[in-house]
Amino acid sequence: MPQEVLLEVKDLRTEFFSSKTSSVTAVANVSFNINKGEILGLVGESGCGKSVTSLSIMQLLKDTPGKITNGQIILDGVDLVTASAEDVRKIRGGKMSMIFQEPMSALNPSMRIDKQMIETICLHSDKTKEQALAHAAEMLKKVGIPDPPRVLKNYPHQLSGGMSQRVMIAMAMSNDPKLLIADEPTTALDVTIQAQILDLMKKIQKEEQSSILLITHDLGVVAEMCSRVIVMYAGKIVEEAPVEILFGNPSHPYTQGLIASVPKLGSGVKVLPSIPGSVPDLAAMPEGCRFAPRCKYATDKCRTENPELFEIGENHRCRCWLMQDK
Amino acid sequence: MEKKPILSLKNVSKTFPVGKSLLGKPTKFVHAVNNVSFDVYEGETFSIVGESGCGKSTTGRLINHLMSPDSGEIWFQGKEISKISQDEMRPLRKDMQMIFQDPAGSLNPRMKVAELIEEPLLIHTDLDEAGRMKIVNELLGIVGLSAKHAQRYPHEFSGGQKQRVGIARALTVNPKLVIADEPISALDVSIQAQVLNLLNRLQQEYKLTYVFISHDLSVVEMISDRIAVMYLGFVVETAPKELLYKTPMHPYTEALLSAVPIPDPTLHKERIILEGDIPSTINLPKGCPFAARCKKCKPVCLEERPVTHEVEPGHFVACHLYD
Ligand SMILES: Nc1ncnc2c1ncn2[C@@H]1O[C@H](COP(=O)(O)OP(=O)(O)OP(=O)(O)O)[C@@H](O)[C@H]1O
Ligand SMILES: Nc1ncnc2c1ncn2[C@@H]1O[C@H](COP(=O)(O)OP(=O)(O)OP(=O)(O)O)[C@@H](O)[C@H]1O
Ligand code: SF4
Ligand code: SF4
Ligand SMILES: [Mg+2]
Ligand SMILES: [Mg+2]
């Protein structure tokens, strides 16, 4: 079956400016595709650029000192980087929407849930208020909220963490987005609630054939949800692979270390392999390979020359000199 | 050989007042810890697991005498400590130290790392400066930091390095019991392994006893000898690690274990998806605290609190299925 591309990110570069001339680069040379109907995972350590990548796609950097300084983000043939603010506003919340890590920061605290949901729905469709309200109730039901009429009349602070996360998912899904970006959608939740929400996201993806970019640092969640995975390290993609290959045969030394250092239920190990050292600071990126200071295979070449993202197999790319001739 | 408990909790409860009436009297109470009992034996790692807000940290703080229980007893090295004064507690503090969840928040930002590690020695020993510095440098080495780190401030360190400073600080006075409240939750995966391995090594070298608080069941499986599962402030199941993971008995423990995502895409396991949310700790359910989400709930569960039974040696469960 040929894969149809929904989103194409080409050579994205996002910088944060502390003044007109001085900046740090949070995301560099990032390119990837998301196919229709797939769940793509994006993993990596804190600060590696996962959220900045998703905010760049959503064109939500306006309120930050961040700016896209290179690249294209093409959704269904439209480049969002050069599209007008008006066009982006129509796409955001409609064709493309986002679930944020902190539900409380994404919901308006002083507005009842019904009002917020009706507003979002009416902005992207020609439904009347009554139709929008009925649709909102239906969406809440879909995400497993037992009593939608009551929740619709609530303010966000009257809901538990799991409830407001579900409300946000319902809101993000209410206009049948083709692309859903979920930035750590379950990190703030407990495992039993997390299981409910992941189950729900999978169901919605299957039923609506939407695509999901799932950002998380939990490799267990990735293994259960995603068909392909991108691994970022210090602002760059270091590996991209189908999920079975990433877990079964990781190629980048960082990915290998990451997967080995995750404790697994029932494995019986007492000591975990660990990656020595810590992530470099954005303002003091090492030259050459950014993982070199922590990599046991690093050579002089690694410390001076930046490896490209080599194609090393079908749908498998890896940014490491060791893989150059594979 | 008879194992000796170093720490025992007997029917410990703690509530917090919330909301005030017009007369300034609290109107509602959060029931954070309810009737909790367990023993911790010398040299073991005893873990407390459960979801957010189930009372893990409060239990840790009660043990560490950072607060007193409303009722119940806490025995540490043969002494009942729950109601003693801070003065009486001071000599015991040396034997009981705490590592906190948030490595950044638990270190004074204006103190250099050497001063931070030295501080407990100033309080608990009469060593001179040279003697103190010798221990500080030794400890820095033990937790994998170098002498050059000693003159830096916490903000110059990564999360994992800060947590190492926290661990070094807890170890300065040779404690017997270390309460580690989510010591790795705030750290990145690759750093978590470094800190876990360090805790493991230190336990073997210094015969430490750990009370390890966590919500991560994979981590807990790795480092524990025995485990208590808490729900809504109650301990619902206590068992040696092997029994708990192989034959969980409480329906909540079963659901919790089944909800852990497995980092292996070739495995497809059947999952117990619980319905509903965790109930409020203000109005505790009359019967079983888990009844609202339990698929095996019987009429008696809504009426009566299940009592704890020892269903097999060392395996304690509070559930009407085992009455
Ligand atoms: N508003 C901002 N101003 C300046 N720098 C920022 C801003 N937002 C993010 N950054 C920097 O960009 C880098 C990438 O941040 P990002 O939030 O994308 O990380 P992340 O991968 O999402 O991490 P986490 O797992 O912690 O959420 C970080 O070094 C961060 O400090
Ligand atoms: N000082 C306090 N005042 C009022 N309520 C409190 C206080 N400390 C804790 N609580 C409440 O007691 C309950 C138990 O909290 P506790 O911090 O022990 O949970 P926990 O299991 O450690 O959760 P987490 O995994 O989120 O750290 C919660 O409902 C909490 O809101
Ligand atoms: S390029 Fe060199 S330093 Fe970088 S990951 Fe590969 S081997 Fe290690
Ligand atoms: S006592 Fe009843 S409701 Fe509670 S866990 Fe057991 S079966 Fe379920
Ligand atoms: Mg983020
Ligand atoms: Mg806690």
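Whatever comes next refers back to the structure up there.
These lines cover the structure that appears in this document, whether it is placed above or below.

Definitions and cut-offs
- Residues numbered from 1 in each chain as written.
- Chains lettered and ligands numbered in written order.
- Predicted model: local features only at pLDDT ≥ 70, side-chain atom pairs only at ≥ 80, totals over all residues.
- Heavy atoms only, no water.
- Helix = DSSP H or I, 4+ residues; strand = E, 2+ residues; numbered from the N terminus.
- Rg over C-alpha atoms; globule rule 2.2 N^0.38 Å.
- Buried < 20%, exposed > 50% of the residue type's maximum accessible area, 1.4 Å probe, protein only.
- Contact = heavy atoms within 4.5 Å.
- Areas by Shrake-Rupley, 256 points an atom, 1.4 Å probe, with all protein chains shown as cover.
- Lys, Arg positive; Asp, Glu negative; His and termini not counted.
- Charge placed at Lys NZ, Arg CZ, Asp CG, Glu CD.
- Pairing = 2+ DSSP bridges.
- Near = heavy atom within 4 Å.
- Nonpolar A, V, L, I, M, F, W, Y, C, P; charged D, E, K, R; others polar.
- Expected span 1.5 Å × (residues − 1).
- Axes fitted to C-alpha atoms, helices over the stretch in contact; angles between N-to-C directions.
- Parallel < 35°, antiparallel > 145°, perpendicular 65-115°, else oblique.
- Left-handed = near helix turned anticlockwise from the far one by under 90°.
- Salt bridge = Lys/Arg side-chain N within 4 Å of Asp/Glu carboxyl O.
- Polar contact = N/O pair within 3.5 Å; in protein donor to acceptor, adjacent residues only side chain to side chain.
- Buried area = accessible area lost by both parts, 1.4 Å probe.
- Phe/Tyr/Trp six-rings, centres within 6.5 Å; stacked < 30°, edge-to-face > 60°.

Section: the overall build of chain B
Then, number 1: A tally of helices and strands in chain B yields 10 helices and 12 strands.
Then, number 2: Its C-alpha radius of gyration of 21 Å places chain B within 12% of the 20 Å reference for a compact globule of 323 residues.
Then, number 3: Expressed as lengths along the three principal axes of its C-alpha atoms, the size of chain B is roughly 70 × 60 × 50 Å.
Then, number 4: For chain B, buried positions account for 53% of its 323 residues.

Some points on the overall build of chain A
Then, number 1: Secondary structure assignment for chain A yields 12 helices and 12 strands.
Then, number 2: Its C-alpha atoms give chain A a radius of gyration of 21 Å, within 12% of the compact-globule value 20 Å for 326 residues.
Then, number 3: Counting only C-alpha atoms, chain A reaches 65 × 50 × 45 Å along its principal axes.
Then, number 4: Counting only residues that meet the buried cut, chain A has 54% of its 326 residues in that class.
Then, number 5: Sequence separation of at least 24 residues holds for 62% of the intrachain contacts in chain A that already meet a minimum separation of 6.
Then, number 6: Working note: accessible area of chain A is about 14,400 Å², and carbon and sulfur atoms make up 51% of it.
Then, number 7: Both charge centroids of chain A, one from 36 positive and one from 38 negative side chains, sit 3 Å from each other.

Description of the pairing of strand β9 (residues 226-231) of chain B
All names here are of chain B.
Then, number 1: For β9, the buried fraction is high: six of the six residues fall into the buried class.
Then, number 2: Judged by which residues are buried, β9 turns out to be covered on both faces: R226, A228 and M230 on one side and I227, V229 and Y231 on the other are all buried.
Then, number 3: Examined bridge by bridge, strand β3 (residues 45-49) and β9 share four bridges and lie parallel to one another. Residue pairing across strands places V49 opposite V229, the latter belonging to β9.
Then, number 4: Between β9 and the antiparallel strand that follows it, strand β10 (residues 234-240), lie two residues; L232 among them carries a positive phi value of about 55°.

Re the site of ligand 3
Then, number 1: Taken together, 13 residues lie near ligand 3, and C289, C295, C302, C320 and W321 of chain A sit nearest.
Then, number 2: Of the residues in the shell around ligand 3, the class split is 12 nonpolar, one polar and no charged.

Details of the environment of M111 of chain A
Residue and element names in this part refer to chain A.
Then, number 1: Among the secondary structure elements, M111 is positioned in the loop between α3 (103-106) and α4 (113-123).
Then, number 2: The exposure class of M111 is buried, given its relative accessible area of 16%.
Then, number 3: Along the primary structure M111 and H252 are separated by 141 residues, whereas in three dimensions their C-alpha atoms are 47 Å apart.
Then, number 4: Setting aside its immediate chain neighbours within four residues, M111 contacts Q116, E119, Y155 and P156.

Some thoughts on helix α6 (residues 189-206) of chain B
Then, number 1: Over its 18 residues, α6 of chain B extends 26 Å from the first C-alpha to the last, a length consistent with the 26 Å expected when each residue adds 1.5 Å.
Then, number 2: Counting buried residues along α6 of chain B, 14 of its 18 residues qualify, which places the element largely inside the surrounding structure.

A look at the packing of α4 of chain A against helix α5 (residues 129-142) of chain A
Helices that pack against each other are described as a pair by the angle of their axes relative to one another and the distance between those axes.
All names here are of chain A.
Then, number 1: At a minimum axis distance of 9 Å, the contact between α4 and α5 shows a crossing angle of 110°. Between α4 and α5, the angle is such that the two are roughly perpendicular. At the point where α4 passes α5, the crossing takes the right-handed sense. The residues of α5 that touch α4, namely those facing D114, M117, I118, I121 and C122, are K129, A132, L133, H135, A136, M139 and L140.
Then, number 2: Across the contact of α4 with α5, the residue classes break down as nine nonpolar, one polar and two charged.

What about the sheet that holds strand β1 (residues 5-20) of chain B?
Residue and element names in this part refer to chain B.
Then, number 1: A sheet is described by the order of its strands in space; here four strands give the open sequence β2-β1-β4-β5, paired in antiparallel fashion. The open sheet has two edge strands with one neighbour each: β2 (26-41) and β5 (79-80).
Then, number 2: Bridge count for strand β4 (residues 71-76) against β5 is two bridges, and the pairing is antiparallel. In the sheet register, F76 faces β5, and the bridge partner there is K79.

As for the packing of helix α5 (residues 159-171) of chain B against α6 of chain B
All names here are of chain B.
Then, number 1: Running from N to C, α5 and α6 cross one another at 15°; their axes reach a closest spacing of 10 Å. For the element pair α5 / α6, the angle class is roughly parallel. Seen along the crossing, α5 lies across α6 with a hand that is right-handed. In contact with G160, Q163, R164, I167 and L171 of α5, α6 contributes I191, Q194, V195, L198, L199 and L202.
Then, number 2: Looking at the contact of α5 with α6, its residues break down into seven nonpolar, three polar and one charged.

Some details on the pattern of salt bridges
Then, number 1: Taken as a whole, this structure holds 24 salt bridges over all chains when the rule is applied.
Then, number 2: Of the charged contacts, one joins E254 of chain B and K296 of chain B as a salt bridge, the two residues approaching to 3.1 Å between their closest N and O atoms. Here K296 of chain B lies in the loop between α9 (251-259) and α10 (299-303) and E254 of chain B lies in helix α9, a separation of 42 residues in the sequence.
Then, number 3: If you follow the salt bridges from partner to partner, you end up with E38, R228, E240 and R317 of chain A in one network.

A few points about helix α1 (residues 50-58) of chain A
Each α-helix turn comprises 3.6 residues. Residues three or four places apart therefore point the same way.
Then, number 1: With seven of nine residues buried, α1 of chain A is to be regarded as a mostly interior element.
Then, number 2: Of the positions making up α1 of chain A, those classed as buried are K50, V52, T53, S54, S56, I57 and M58 of chain A.

Focus: the side chain of S224 of chain B
Residues and elements named next belong to chain B.
Then, number 1: Examined against the element boundaries, S224 turns out to sit in the loop between α7 (217-223) and β9.
Then, number 2: When its relative accessible area of 1% is taken as the criterion, S224 is described as buried.
Then, number 3: Within the structure, S224 has its side chain in polar contact with the backbone oxygen of V220 (distance 2.5 Å).
Then, number 4: Sequence-distant contacts of S224, that is, excluding residues within four places in its chain, are made with T45, S47 and K241.

Focus: the interface of chain A and chain B
Then, number 1: Every contact between the two is made by 43 residues of chain A and, on the other side, 38 residues of chain B.
Then, number 2: For the chain A and chain B pair, buried surface summed over both sides reaches about 3,300 Å², with 58% attributable to carbon and sulfur atoms.
Then, number 3: When the buried area of chain A at its contact with chain B is split by residue, T192, L265 and K270 of chain A rank highest and sum to 21% of it.
Then, number 4: At the surface where chain A touches chain B, the tally comes to one salt bridge.
Then, number 5: Between R271 of chain B and E224 of chain A there is a salt bridge, with its nearest N and O atoms 2.6 Å apart.
Then, number 6: At the surface where chain A touches chain B, the tally comes to 10 residue pairs in polar contact (both at pLDDT 80 or more).
Then, number 7: Where the side of chain A that touches chain B is concerned, the elements lending two or more residues are α7 (161-173), α8 (191-208), α9 (219-225) and α10 (243-248) of chain A.
Then, number 8: A total of seven residues in the side of chain A that touches chain B trace back to one element, the largest contributor, which is α8 of chain A.

Structural notes on the packing of aromatic side chains
All names here are of chain A.
Then, number 1: Counted under the stated rule, the structure contains eight aromatic pairs over all chains.
Then, number 2: On the basis of an interplanar angle of 50° and a centroid distance of 4.6 Å, the ring pair of Y233 and Y254 is categorised as tilted. Residue Y233 is located in strand β9 (residues 228-233), and its partner Y254 is located in helix α11 (residues 253-260); the two are separated by 21 residues in the primary sequence. For the pair Y233 and Y254, one class covers both residues: buried.
Then, number 3: Measuring from ring centre to ring centre gives 5.4 Å for Y254 and F291, while their planes differ by 70°; the resulting arrangement is edge-to-face. A residue pair is termed long-range when its members are at least 10 positions apart, and Y254 in helix α11 and F291 in the loop between α11 and α12 (300-304) qualify at 37 residues. Here the two residues Y254 and F291 agree in accessibility, since each one is buried.
Then, number 4: Taken together, the ring pairs connect Y233, Y254 and F291 into an aromatic cluster.

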